[in-house]
Amino acid sequence: MNEPTRYSTPPVELPLRLDPEPVPVEGCAGCAELAAVRSRARVVGDWTTVTDCDVFLRRHPEGH
């Protein structure tokens, strides 16, 4: 039988993503709306929404 760990394990270090911010595709209403939402979220400090919009913009070109 294994003994339980009785000491703290070191924290997991996640890599820092330094990818450039995705840009909206010219003439696409969906991309333009995501960029607008991202801009408004950034102004009020809603970083979760900024990140979500970045993810959606990165995935969105698959539909073009």
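Parameters and conventions
Residues numbered from 1 in each chain as written. Predicted model: local features only at pLDDT ≥ 70, side-chain atom pairs only at ≥ 80, totals over all residues. Heavy atoms only, no water. Helix = DSSP H or I, 4+ residues; strand = E, 2+ residues; numbered from the N terminus. Rg over C-alpha atoms; globule rule 2.2 N^0.38 Å. Buried < 20%, exposed > 50% of the residue type's maximum accessible area, 1.4 Å probe, protein only. Contact = heavy atoms within 4.5 Å. Areas by Shrake-Rupley, 256 points an atom, 1.4 Å probe, with all protein chains shown as cover. Lys, Arg positive; Asp, Glu negative; His and termini not counted. Charge placed at Lys NZ, Arg CZ, Asp CG, Glu CD. Core = buried A, V, L, I, M, F, W, Y, C linked by side-chain atoms within 4.5 Å. Expected span 1.5 Å × (residues − 1). Arc of directions from axis to C-beta.

What to know about the overall build of the protein
If you tally the helices and strands in the protein, you get 2 helices and 0 strands. For the protein, whose C-alpha radius of gyration is 19 Å, the value lies well above the compact-globule estimate of 11 Å for 64 residues. Reported as C-alpha extents along the three principal axes, the dimensions of the protein are approximately 65 × 30 × 20 Å. By the burial criterion, 17% of the 64 residues in the protein qualify as buried. Sequence separation of at least 24 residues holds for 41% of the intrachain contacts in the protein that already meet a minimum separation of 6. Surface exposure of the protein reaches about 5,600 Å², of which carbon and sulfur atoms provide 58%. On the protein, the mean spot of the 7 positive side-chain charges and the mean spot of the 10 negative ones are 2 Å from each other.

What to know about the nonpolar core
Generally speaking, soluble globular proteins have nonpolar side chains that are buried together. Counting 5 residues, the largest nonpolar core is built from Cys28, Cys31, Leu34, Cys53 and Leu57. At the level of elements, helix 1 (29-44) and helix 2 (47-59) are the ones that each hand at least two residues to this core. Setting aside chain neighbours within four positions, we find Leu57 in contact with Pro22, Pro24, Cys31, Leu34, Ala35 and Arg38.

Structural notes on helix 1
Under the 1.5 Å per step criterion, the end-to-end length of helix 1 is 23 Å for 16 residues, consistent within 8% with the ideal 22 Å. By the burial criterion, the buried members of helix 1 are Cys31, Leu34, Ala35, Arg38 and Ala41. Viewed end-on, helix 1 has its buried residues packed into an arc of 125°, placing them on one side of the element. With respect to the buried face of helix 1, the exposed residues turned more than 90 degrees away are Ala29, Val43 and Val44. In the core, the buried residues of helix 1 are packed alongside helix 2.

Some details on the environment of Val43
Tracing the chain through its elements places Val43 in helix 1. Judged by relative accessible area, Val43 falls into the exposed class, the value being 72%. C-alpha of Val43 to C-alpha of Ser8: the two residues are 35 residues apart in sequence and 39 Å apart in space.

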